[in-house]
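What follows is each chain in one-letter form.
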Amino acid sequence: MRDDLLKEGLQRYARDGAERASQPAAAAIHRRARRHRHRVAALSVAGVLLAVGLGVGLGVSGAHRSAPTVNQPPAPPSTIAPTTTTRGIAAGQVPETFVADLGGRVAVLSTGTGKVVRTLRAPSAGTSEHSVGLSPDRNTVYFSSTGASACDQPGIFRVPFYGGPAVRVVANETAVGPIASSADGSRLAYVASACPDSGRNDVVLRDANGALLHRWSGMPAGAGSLKVSLSPDGGQLAVTVFDGLDPAGVRVLDAAGASVDDGRLLESSDPGCRLVNAAFQPRTGRLAAFERCLPKDLQSGVPRFRLVYLDPASGRLLSRSLAFDDHTGGDLHVSSLDFDQSGRYLLFAVSSADPADSQQPRPATGTWWSGGGRPVRIHDDQRDPGSSTGYLITSAGPSW
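Residues numbered from 1 in each chain as written. Predicted model: local features only at pLDDT ≥ 70, side-chain atom pairs only at ≥ 80, totals over all residues. Heavy atoms only, no water.

A. Spatial organisation of the state of the cysteines. Inspection of the entire model under this criterion finds one disulfide. Between the sulfur atoms of Cys 273 and its disulfide mate Cys 293 the distance is 2.1 Å. The sign of the S-S torsion, about 110 degrees, decides the handedness of the disulfide formed by Cys 273 and Cys 293: right-handed. One end of the pair, Cys 273, is in strand S17 (residues 273-280); the other, Cys 293, is in strand S18 (residues 287-293), with 20 residues separating them in the sequence. Across the pair, Cys 293 and Cys 273 agree in class, each one buried. (Disulfide = S-S within 2.5 Å. Helix = DSSP H or I, 4+ residues; strand = E, 2+ residues; numbered from the N terminus. Buried < 20%, exposed > 50% of the residue type's maximum accessible area, 1.4 Å probe, protein only.)

B. Representation of the packing of aromatic side chains. Going through the model one piece at a time under the given rule, you end up with seven aromatic pairs. The interplanar angle of 15 degrees and the centroid separation of 5.5 Å between the aromatic rings of Phe 143 and Phe 157 together place this pair among those described as stacked. Highlighted residues: Phe 143 in strand S5 (residues 140-146) and Phe 157 in strand S6 (residues 155-160), separated in sequence by 14 residues. We note that Phe 143, like Phe 157, is buried. Here the aromatic cluster, defined as three or more aromatic residues joined through ring pairs, consists of Phe 290, Phe 305, Phe 324 and Phe 348. Above the ring of Phe 161, the side-chain terminus of Arg 118 is found at 4.8 Å from the ring centroid. (Phe/Tyr/Trp six-rings, centres within 6.5 Å; stacked < 30°, edge-to-face > 60°. Lys NZ or Arg CZ within 6 Å of the ring centre and 35° of its normal.)

Written as structure tokens, this is what we have:
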């Protein structure tokens, strides 16, 4: 592991130096890498590994990351500057880690093995950490926290990706789905449940310090997707809406609308298909969406999920990508999807109300990634200690 950390440090400082057009000498890089290794070693808590590479089976290199800032205490919320985008992961490289809500705690997991690299926030007695999001520069993780009830000390926090104290950025509000960031890290978007409970959910846009920029009302609690996606320029939001329990399409919102219903409604172009989740693709601005299609023969056929790419302005179908069947009898649901910053790799979660579906053949419930081809399942190594069958816990709202 020592050699791996040293290699990671050498690669990071070489990359950062190239970006500044002033490459440090080899001796300087070596000294910096050794200091970085000591800082990382100091962060080991309770035997949790702090760095895990991709599995050999994936056959890809680890992702570049910017230097950790865990020894620098975060500024108060009123003075925290928006994060800035650093150099993205090189083409052809899958991000080696992602963040997720894992059984009520905020964790960094290995994309290759599903193992926990480190726990950023473990819930104390009576609290739950959930609704995780990652900034584009991979330096900041956002999450919601509540007490015994949804309105018991609710808030949205930020914590350094490499570990450190959490800082509250929004009070008296909790995100009920993953927290999205704009491409430059200056804006956050999520579906919010306000306190006291009003029985309705809002789509909220804030700056990285937590200041409210816009709020879209009019979404009944329990209806609609819990996932919001921000366009690359941060000027548009995409959220799935429902008609009762049935998906009705994707609404694309801009700052001119007062409610979710004012957004442009995009629907599947094929009969029997409904859009169930959507995310803007970084750099291209296209809207990727999973659509759930019912079989023509409801007695013998099975539902099918397809990934499509749409023009967010018109809803016109641009292309189709991966597809998979639901062999569980219609229980599966694509609960979230998220691109890496290159826009090449997609991370998505498949969920079901029946825990036995985790043992189904492909696709089983769990976390998956795809680079446009056959999806690869990320095997979560965390098991439910309260279950006699030991079903795998599904990572909720995974984010790259």
